[in-house]
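Chain by chain, the residues:
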Amino acid sequence: MIAIYPGSFDPITLGHLDIIERSNKLFDTVVVGVLCNPNKTPMFSVKKRMEQIHQSTQHLSNIKVDSFTGLTVEYAKLLNAGVLIRGLRVLSDFEKELQMAHTNKTLWEGIETIFLATNKEYSFLSSSIVKEIAKFGGNIDHFVPSNVAGDIYHYYNSDHQ
Ligand code: PNS
């Protein structure tokens, strides 16, 4: 069965990577789908995020990295994928995630959302927190794959701010 792990991944964290690694054991193929959202100004382009994910998942087989626009369920139909994977970190994630799962199920009966409890080591971690730490000069080496840490340090040491 094909499963999609959709998200912004701006950028991918070790929490995301943990979910990808565990999903990889559960499904034949896991497609990491990077949402191209014209309403947001991301730190990294979709192309760069896909490259970062690709590099971070080289040790895994049956992982595909892709991007999509619009509704996740339409993308799932396109790929013939019956499952969406989402990580749950803390209780406060649950409300938004349940709302998304119900919305997607209402839009397309053929989709199931499977939640994986995030590894407790990463339960506090988010892409936003990583960016904030790096912005103020903190060390992010334990929070993101090394290639991504390099990209973030470079971002804040260049003219992008
Ligand atoms: O990493 P994120 O930002 O928490 O991921 C959220 C994402 C991309 C899974 C969600 O925003 C999404 O599915 N967006 C696509 C639009 C859509 O399908 N909306 C209806 C379901 S809420």
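Here, the structure is the one placed above.
Here we summarise the structure given alongside this text.

**Observations regarding the overall build of the protein**
For the protein, the helix and strand inventory stands at 6 helices and 5 strands. Reading the protein from its N terminus to its C terminus gives the helix and strand order β-α-β-α-β-α-β-α-β-α-α. Seen through its C-alpha atoms, the protein measures out along the principal axes to roughly 45 × 35 × 30 Å. Of all 161 residues assigned to the protein, the portion counted as buried reaches 45%. Residue pairs in contact within the protein that sit at least 24 positions apart in sequence constitute 75% of those at least 6 positions apart. In the structure as shown, the protein presents an accessible area of about 9,000 Å², 53% of it carried by carbon and sulfur atoms. Charge-centre separation for the protein: the mean point of 15 positive side chains lies 1 Å from the mean point of 17 negative side chains.

**A look at the site of the ligand**
In the region of the ligand, the neighbouring residues are G7, S8, L35, G70, L71, T72, R86, K96, M100 and N104. Between an oxygen atom of the ligand and a side-chain N or O atom of S8, the distance comes to 2.6 Å. At 3.4 Å from an oxygen atom of the ligand is found a side-chain nitrogen or oxygen belonging to K96. The greatest single-element share of the shell around the ligand, amounting to 3 residues, is contributed by helix α4 (residues 91–107). Residue composition of the shell around the ligand, grouped by class: 3 nonpolar, 5 polar and 2 charged.

**A word on the pairing of strand β4 (residues 83–88)**
Taking burial as the measure, the 6 residues of β4 include 6 buried ones, the bulk of the element. The alternating pattern of β4 places V83, I85 and G87 on one face and L84, R86 and L88 on the opposite face, and all of these are buried. Where β4 meets strand β5 (residues 112–117), 6 bridges bridge the pair, whose relative direction is parallel. Note that in β5 the partner of L88 across the bridge is A117. In terms of handedness, the path from β4 via α4 over to β5 forms a crossover that is right-handed.

About the criteria used
Residues numbered from 1 in each chain as written. Predicted model: local features only at pLDDT ≥ 70, side-chain atom pairs only at ≥ 80, totals over all residues. Heavy atoms only, no water. Helix = DSSP H or I, 4+ residues; strand = E, 2+ residues; numbered from the N terminus. Buried < 20%, exposed > 50% of the residue type's maximum accessible area, 1.4 Å probe, protein only. Contact = heavy atoms within 4.5 Å. Areas by Shrake-Rupley, 256 points an atom, 1.4 Å probe, with all protein chains shown as cover. Lys, Arg positive; Asp, Glu negative; His and termini not counted. Charge placed at Lys NZ, Arg CZ, Asp CG, Glu CD. Near = heavy atom within 4 Å. Polar contact = N/O pair within 3.5 Å; in protein donor to acceptor, adjacent residues only side chain to side chain. Nonpolar A, V, L, I, M, F, W, Y, C, P; charged D, E, K, R; others polar. Pairing = 2+ DSSP bridges. Right-handed = clockwise from strand over helix to strand, strands pointing away.

What is shown is where atoms sit, not what they do.
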